[in-house]
Amino acid sequence: MSVEKKFQENVEKRALVAESVFFASFIAGLNSFGILNQAVVNLASRRSGKHLAHFAELANFSDADRATGANWSALKKFEKAIEILKRVMPISKDIETKEKNGEILVSIRNSTCKFCPKGVGEAELQGTLCPFPSLLESFSNELWESEDIQLIKERAKPIMKKDGDWCIFRYRAKKDSE
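The residue numbering used here restarts from 1 in each chain and proceeds along that chain's sequence as written. In keeping with the model being predicted, local features are shown solely for residues with a pLDDT of at least 70 and side-chain atom pairs are shown and tallied solely at 80 or more, while totals for entire chains, interfaces and linings include all residues. Hydrogens and waters are ignored; side-chain quantities use all the structure's heavy atoms.

*Asks:* Teacher, can you tell me more about unusual backbone geometry here?
*Replies:* Excluding glycine, residues mostly carry a negative phi; peptide bonds, for their part, are mostly trans. Positive phi is not limited to glycine here, since Glu145 has a value of about 50°. Owing to a relative accessible area of 64%, Glu145 belongs among the exposed residues under this scheme. Even without being glycine, Ala156 reaches a positive phi, approximately 65°. Judged by relative accessible area, Ala156 falls into the exposed class, the value being 81%. Burial classification: accessible surface area is computed with a 1.4 Å probe over protein chains only, and a residue below 20% of its type maximum counts as buried, one above 50% as exposed, and the rest as partly exposed.

Have a look at this one:
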């Protein structure tokens, strides 16, 4: 199969738009020069998450939603934040959130992710350059003006786990009584 045909199929399968292709291939390009790693992507993603939260407020997040959500649990706020982010910036048609053993697991289907540096940007790398683990954390916390969500990071372990076609990130939610 030609490179052009493979790219066309990827665009159709993922429903890519120019912004997705730009972002993913830009990140892949920076990686190819050896000036990018997951730690740097995490720092930049935190900043981007905050800016996207401000954009979401301007675009479709009303004061009424904020007032209603003030009494929600951290988990419900996080789920609502992800729902809002998906409307503002469609990441993938398949994103799932569930609670398991006191952790919040967010799963994004890799084959439909529109911003994957590997799948869209064709990055040649062993690990990951995924912007979403830190972006989701900062987006939710900025949106709700809280620090309720914390990405689980463990020394010498990747922050993203692959399970088949799913990329999985783990978070802790601040207890409502804290």
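*Asks:* Looking at this structure, I do not really get helix 6 (residues 132-143). What am I missing?
*Replies:* Quick reminder: α-helices carry 3.6 residues per turn. Residues three or four places apart thus point the same way. Taking 1.5 Å as the rise per residue, helix 6 with 12 residues should run 16 Å; its terminal C-alpha atoms sit 16 Å apart, in good agreement. In this description a helix means any DSSP run of H or I spanning at least four residues, a strand means any run of E spanning at least two, and both kinds are numbered starting from the N terminus. For helix 6, a buried count of 11 out of 12 residues is recorded, marking the element as mostly surrounded by other parts of the structure. Once helix 6 finishes, Glu145 follows within two positions and takes phi at roughly 50°, a positive value. In this scheme, a helix's expected span is set at 1.5 Å multiplied by one less than its residue total.

*Asks:* What am I meant to see in the pattern of salt bridges here?
*Replies:* One side chain can pair with another of opposite charge once the charged atoms of both are near each other. By definition here, a salt bridge exists when the distance from a side-chain nitrogen of Lys or Arg to a carboxyl oxygen of Asp or Glu is within 4 Å. Enumeration over the complete set of coordinates arrives at 9 salt bridges. In this structure, the salt-bridge partner of Glu137 is Arg46, at a minimum N-O distance of 3.5 Å. Residue Glu137 is found in helix 6, and its partner Arg46 is found in helix 3 (residues 38-59); the two are separated by 91 residues along the sequence. What makes Glu137 buried here is its relative accessible area of 9%. Note that Glu154 and Arg170 form a salt bridge whose closest N and O atoms lie 3.1 Å from each other. Of this pair, Glu154 sits in the loop between strand 3 (149-151) and strand 4 (160-163) while Arg170 sits in strand 5 (residues 166-173), and the two are 16 residues apart along the sequence. Looking at Arg170, the relative accessible area reads 27%, which means it is partly exposed.

*Asks:* Hey, could you run me through the packing of helix 5 (residues 74-88) against helix 6 in this one?
*Replies:* Their axes nearest at 9 Å, the elements helix 5 and helix 6 cross at an angle of 105°. The orientation of helix 5 relative to helix 6 falls into the category roughly perpendicular. For the pair formed by helix 5 and helix 6, the contact residues are Lys77, Phe78, Ala81, Ile82, Ile84 and Leu85 on the first element and Leu135, Leu136, Phe139, Ser140 and Leu143 on the second. Axes here refer to lines fitted to C-alpha atoms; in helices the fit is confined to the stretch in contact. Angles between the N-to-C directions go from 0 to 180 degrees. The cut-offs work like this: below 35 degrees is roughly parallel, past 145 is roughly antiparallel, 65 to 115 is roughly perpendicular, and the gaps in between are oblique. Contacts were defined at the residue level, with two residues in contact if any of their heavy atoms lie within 4.5 Å.

*Asks:* I keep staring at the nonpolar core and nothing clicks. Help me out?
*Replies:* Across soluble globular proteins, nonpolar side chains have a tendency to be buried as a group. Of all hydrophobic cores here, the largest spans 34 residues; its most connected members are Val106, Phe132, Phe139, Phe169 and Tyr171. The greatest single-element share of this core, amounting to 7 residues, is contributed by helix 5. Non-local contacts of Val106, meaning those with residues more than four positions away in its chain, are made with Phe78, Ile82, Ile95, Glu96, Thr97, Leu136, Cys167, Ile168, Phe169 and Tyr171. Residues belong to one nonpolar core when they are buried, are Ala, Val, Leu, Ile, Met, Phe, Trp, Tyr or Cys, and are joined through side-chain atoms within 4.5 Å.

*Asks:* Whenever I open this one, the packing of aromatic side chains confuses me. Can you help?
*Replies:* Here the distance between the centres and the angle between the planes together describe a pair of aromatic rings. Pairing of aromatic rings covers Phe, Tyr and Trp, the last counted by its six-membered ring, and requires centre-to-centre distances within 6.5 Å; plane angles under 30 degrees mean stacked, over 60 mean edge-to-face, and any other angle means tilted. Under the definition given, this model contains 5 aromatic pairs. A ring pair is formed by Phe23 and Phe115, whose centres lie 5.8 Å apart and whose planes are at 70°; its orientation type is edge-to-face. In this pair, Phe23 sits in helix 2 (residues 18-32) while Phe115 sits in the loop between strand 2 (103-109) and helix 6, placing the two residues 92 residues apart along the sequence. The partly exposed category is assigned to Phe23, whose relative accessible area is 27%. For Phe115, a relative accessible area of 9% translates into the label buried. Here the aromatic cluster, defined as three or more aromatic residues joined through ring pairs, consists of Phe23, Phe115 and Phe132.

*Asks:* Please explain the environment of Leu136 as it appears in this structure.
*Replies:* By secondary structure assignment, the location of Leu136 is in helix 6. The class of Leu136 is buried, set by a relative accessible area of 3%. For the pair Leu136 and Arg14, spaced 122 residues apart in sequence, the C-alpha to C-alpha distance is 20 Å.

*Asks:* Sorry if this is basic, but what is going on with the side chain of Asp148 here?
*Replies:* Here Asp148 lies in the loop between helix 6 and strand 3. Classification of Asp148 by relative accessible area gives buried; the value is 15%. Leaving out residues up to four positions away in the same chain, Asp148 has contacts with Ala74, Lys77, Asn141, Arg172, Ala173 and Lys174.

By themselves, these observations are geometric and do not establish any function.
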